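Working through the structure, step by step
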Amino acid sequence: MEIIIGIVAVIIGIAVGFGATKAFNSSKEKNAALEAANLKKSAEDEANRLIKDAESQVDTMRRKAEIEAKDEALRYKQQIEEESKDRLQEVRNAENRIAQREQSLDHRVETLDKREHQLSSLQGQLDKRSHELTESEEEMGRRLEKVAGMTPEQAKEELLQTIRDEVVHDQAAIIREAEQRTKAEADKKAREILSLAIQRVAADHSSENTVSTIHIPNDELKGRIIGREGRNIRSFEQLTGTNLIIDDTPECVTISCFDPVRREIGRIAMENLIADGRIHPARIEEMYDKSVKLVGERVQKAGEQAAFDTGIHDLHPELIHTLGRLMYRTSYGQNVLNHSLEVAYLAGVMASELGLDPVPAKRAGLLHDLGKAVDHEVDGSHAVLGADLAKRFGEKPEIVHAIEAHHEDVEPNSVLDVLIQAADAVSAARPGARKETLDAYIKRLEKLEEIANAHEGVERTYAIQAGREVRVMVAPEVVDEAASVVLARDIASQIEKDMQYPGQVKVVVIRESRAVDYAK
């Protein structure tokens with residue numbers, strides 16, 4: 001019974017276990033299906049959410065891209081508009097420049113028309129005078145034929161003399177009238193250009209002499225400078241090519257030489273010897289070598305600085321070195337290198353005002369006095385020597401000719417030649433630029449008056465304005481209006497021939513009217 005009960009219990013347990021297992025498996029399957037359904041739904045929801053997010057991001061990115069594209073297009077549009085404005089402004093500026101050029105050309109055409117009209121008027125007057133002379137000649141011939149006792153040769157001579165007097169008078173009248181008309185506008189324009197150039201280019205010049213004075217601490221040092229039996233002073237003078245003057249003047253010695261570069265070398269060498277205290281031939285030679293090197297460096301630097309200041313950067317090295325030597329050269333107390341720079345600036349300003357290229361004018365102005373650096377070594381005019389140097393080192397023919405013509409050693413044949421002459425005269429003749437000794441000043445005034453007084457009909461002569469103007473009083477019964485014009489030109493020509501002077505001399509012949517000419 002117990003066994004049966006046990007078996008039944010086992011069977012029941014097995015059945016219960018089997019049922020429980022089956023129930024558990026069934027429940028597990030239901031849960032798995034439910035969980036799978038939930039996962040599927042969750043996955044679908046997540047997929048829908050991701051799709052919506054992707055669509056939202058795509059829409060956002062599209063809108064952002066559209067905004068960026070619009071901004072980029074706006075920037076491009078603004079850039080194009082700015083470039084268009086710049087181009088439009090450049091076009092307007094070009095149009096303005098063209099309009100100004102057209103106005104300038106119109107003005108020049110008007111000026112040429114006026115001058116052509118004046119020439120036509122003068123030609124008409126000359127034709128009229130010629131016709132009147134022809135009629136007068138015919139009338140004179142008829143009268144002479146009626147005169148008894150006069151040979152044909154005598155009649156011809158009298159007729160020629162009468163015609164000659166009338167022609168001289170008419171010629172002077174025509175010259176005076178033509179000068180008054182043609183100079184009216186030219187003088188006004190020239191004064192404007194020159195005054196503008198002088199105002200824009202103003203420079204002070206320090207005067208220098210042919211001697212240099214060196215201070216020494218005490219007079220005992222003079223004996224050491226002279227040396228035993230004068231060996232030190234002889235060695236110094238032979239090396240430097242200068243004259244060393246040691247006199248009773250307290251605490252100073254003087255170096256004299258017409259070559260300014262040698263004088264500067266000697267001055268530096270002597271100052272170094274005095275500062276060193278050891279003065280003997282070997283030391284003198286050492287200090288001389290150092291001074292030569294130092295002055296050479298200063299000369300080179302001055303030449304390069306002058307070329308840089310004027311904007312000329314392609315000069316031959318030898319021309320730059322020669323140009324730098326002008327730093328130690330003076331003319332009537334005016335430093336020649338400063339004068340050359342001033343002439344370059346003046347010529348450049350005047351060339352610009354005339355509508356010309358200022359670079360050749362500056363170049364010729366800077367080099368125009370180049371010959372003064374070597375005129376104490378080589379015989380000849382400094383203008384010719386400077387032209388030879390410029391030609392030798394590759395300067396253009398027009399620059400060479402402007403240098404040679406600035407003192408009319410050759411005839412000027414271009415606007416550049418005349419510009420350099422004018423700039424040189426302005427720089428040399430302006431107040432305070434140059435100086436001369438009292439004796440030379442008085443002799444120059446006396447020479448001017450002497451030249452003018454030597455002409456027939458001159459009563460009194462006055463040299464005024466520091467010799468820049470000569471006023472000549474003539475006897476009205478000897479010199480008529482026509483002859484006064486000729487007299488002014490004769491005096492000016494003789495002054496040009498017989499005298500040397502800076503700038504120009506104005507000759508004024510005064511009778512009942514004044515005839516003016518210039519010795520340039």
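Residues numbered from 1 in each chain as written. Predicted model: local features only at pLDDT ≥ 70, side-chain atom pairs only at ≥ 80, totals over all residues. Heavy atoms only, no water.

1. Topic: the overall build of the protein
Test applied: Only runs of H or I of at least four residues qualify as helices and only runs of E of at least two qualify as strands under DSSP, and these elements are numbered from the N terminus. A simple rule labels every residue: compare its accessible area, found with a 1.4 Å probe on the protein chains alone, to the largest value its type can have, and call it buried under 20%, exposed over 50%, or partly exposed in between. Contact criterion: two residues are considered in contact whenever any of their non-hydrogen atoms come within 4.5 Å of each other. Using a 1.4 Å probe, accessible areas were evaluated by the Shrake-Rupley method; residue-level cover was limited to the displayed protein chains.
Each helix and strand counted, the protein has 14 helices and nine strands in total. In the protein, which comprises 520 residues, the share counted as buried stands at 32%. Considering only residue pairs separated by 6 or more positions, the protein has 60% of its internal contacts joining residues 24 or more positions apart. Put simply, the protein shows about 33000 Å² of open surface, and 53% of that area lies on carbon and sulfur atoms.

2. Things to note about the side chain of Ser-291
Here Ser-291 lies in helix H6 (residues 281–310). By relative accessible area, Ser-291 is classed as buried at 0%. Ignoring any residue separated from it by four or fewer positions in sequence, one finds Ser-291 in contact with Ile-265, Ile-268, Ala-269 and Asn-272.

3. Thoughts on the pattern of salt bridges
For clarity, the cut-off: Salt bridges, as used here, are contacts in which a Lys or Arg side-chain nitrogen is within 4 Å of a carboxyl oxygen on Asp or Glu.
For the coordinates displayed, the defined rule picks out 20 salt bridges. With its nearest N and O atoms 2.1 Å apart, the salt bridge here joins Glu-46 to Arg-49. Of the two residues, Glu-46 and Arg-49 both sit in helix H1 (residues 2–146), three residues apart, roughly one turn of that helix. You can call Glu-46 partly exposed: its relative accessible area is 34%. The class of Arg-49 is partly exposed, set by a relative accessible area of 40%. Arg-363 is the salt-bridge partner of Asp-314, the closest N and O atoms lying 2.7 Å from each other. Of the two residues, Asp-314 is situated in the loop between H6 and helix H7 (317–325) and Arg-363 in helix H9 (residues 358–367); the sequence distance between them amounts to 49 residues. You can call Asp-314 exposed: its relative accessible area is 55%. What you see here is one network of salt bridges that share partners, running through Asp-276, Arg-278, Arg-283, Glu-286 and Lys-290.

4. Things to note about the environment of Ile-495
As for its position among the elements, Ile-495 is in helix H14 (residues 481–498). Ile-495 sits in the buried class, given a relative accessible area of 0%.

5. Details of the nonpolar core
Under the convention used in this document: Only buried Ala, Val, Leu, Ile, Met, Phe, Trp, Tyr and Cys residues count toward a nonpolar core, and they belong to the same one when joined by side-chain atoms within 4.5 Å.
Core analysis: the biggest nonpolar cluster contains 38 residues, and Leu-315, Leu-323, Leu-366 and Leu-416 have the highest contact counts within it. Those elements giving two or more residues to this core turn out to be H6, H7, helix H8 (336–353), H9, helix H10 (382–392), helix H11 (397–405) and helix H12 (415–429). Top element by residues in this core is H8. It accounts for nine residues. In this structure Leu-366 touches Ala-306, Ala-307, Thr-310, Ile-312, Leu-315, Leu-323, Ser-340, Leu-341 and Ala-344, once residues within four positions along its chain are discounted. With 21 residues, the next largest nonpolar core counts Leu-487, Ala-488, Met-499 and Tyr-501 among its residues.

6. Regarding helix H4 (residues 231–240)
To be explicit about the condition: The arc in question is traced by the directions running from the helix axis to the C-beta atoms.
Taken together, the buried positions of H4 are occupied by Asn-232, Ile-233, Ser-235, Phe-236 and Thr-240. Axial view of H4: buried residues confined to an arc of 160°, hence all on one face. Packing partners of the buried residues in H4 comprise helix H3 (220–226), strand S2 (243–245), strand S3 (252–256), helix H5 (260–276) and H6. Gly-241, located one to two residues past H4, shows a positive phi value of around 70°.

7. Describing the confidence of the model for the protein
Threshold: pLDDT: the predictor's confidence for each residue, scored from 0 to 100.
In this model, the protein carries a mean pLDDT of 80, and residues with pLDDT of at least 70 account for 82%. Predicted confidence is poor over residues 202–209, with pLDDT under 50, and the contacts of this stretch with residues over four places away or in other chains come to 21 contacts.

8. Examining a negative patch on the surface
Filter applied, for reference: Nonpolar side chains (Val, Leu, Ile, Met, Phe, Trp, Tyr) are joined into patches within 5 Å and like charges within 9 Å, using only residues with over 30% relative accessible area and no salt bridge. His is not counted, nor are the chain ends, whereas Lys and Arg count as positive and Asp and Glu as negative. Think of each charge as sitting on NZ of Lys, CZ of Arg, CG of Asp or CD of Glu.
There is a patch of like negative charges on the surface, built from Glu-81, Glu-82, Glu-83, Asp-86 and Glu-90. Here Glu-90 shows up in helix H1.

9. Focus: the packing of H10 against H11
A pair of packed helices is characterised by two quantities: the angle between their axes and the separation of those axes. This is how the line gets drawn: Fitted lines through C-alpha atoms give the axes, limited to the stretch in contact for helices. The angle between two N-to-C directions lies from 0 to 180 degrees. Throughout this description, any angle smaller than 35 degrees is read as roughly parallel, any larger than 145 degrees as roughly antiparallel, any in the 65 to 115 degree range as roughly perpendicular, and the remainder as oblique. In this scheme, a crossing is called left-handed if the near helix is turned counterclockwise away from the far one by less than a right angle; it is called right-handed if the turn is clockwise.
One can describe the packing of H10 onto H11 by two numbers: an axis separation of 7 Å at closest approach and a directional angle of 165°. In terms of their interaxial angle, H10 and H11 are classed as roughly antiparallel. In terms of crossing hand, the pair formed by H10 and H11 is right-handed. From H10, Ala-383, Val-384, Gly-386, Ala-387, Ala-390 and Lys-391 reach across to H11, where they touch Val-400, Ile-403 and Glu-404.

10. Notes on H14
Spelled out, the test is: To estimate the expected span of a helix, subtract one from its residue number and multiply by 1.5 Å. Here a polar contact means two N or O atoms within 3.5 Å. Within protein one must be a hydrogen donor candidate and the other an acceptor candidate, and residues neighboring in sequence count only if both atoms are side-chain atoms.
An ideal rise of 1.5 Å per residue puts 26 Å on 18 residues; H14 measures up with 26 Å between its terminal C-alpha atoms. Within the span of H14, buried status applies to Ala-482, Ser-484, Val-485, Leu-487, Ala-488, Ile-491, Ala-492 and Ile-495. Two or three places before Ala-482, at the opening of H14, Asp-480 has a side-chain oxygen 3.3 Å from that residue's backbone nitrogen.

11. Regarding a nonpolar patch on the surface
Among the surface-exposed residues, Leu-354, Leu-356 and Val-415 lie close enough to one another that they form a single nonpolar patch of about 220 Å² accessible area. Structurally, Val-415 can be placed in helix H12.

12. Examining the pairing of strand S7 (residues 469–474)
For the record, the criterion: Strand pairing is assigned whenever DSSP detects at least two bridges linking the two strands.
Where strand S6 (residues 458–464) and S7 come together, six bridges link them in antiparallel fashion. Each residue of the ladder has a partner; that of Ala-463, found in S7, is Val-470. Bridge count for S7 against strand S8 (residues 505–510) is five bridges, and the pairing is parallel. Looking at the pairing, Val-472 lines up with Val-509 of S8.

13. Notes on the environment of Lys-301
Tracing the backbone through its elements, the reader meets Lys-301 in helix H6. As a C-alpha pair, Lys-301 and Gly-324 span 23 residues in sequence and 7.1 Å in three-dimensional space.

14. Concerning unusual backbone geometry
In this structure, Glu-229 is a non-glycine residue whose phi angle is positive, near 55°. Relative to the helices and strands, Glu-229 resides in the loop between H3 and H4. Overall, the relative accessible area of 72% leaves Glu-229 in the exposed class. A positive phi is found at Glu-251, a non-glycine position, where the angle reads about 55°. Structurally, Glu-251 is set in the loop between S2 and S3.

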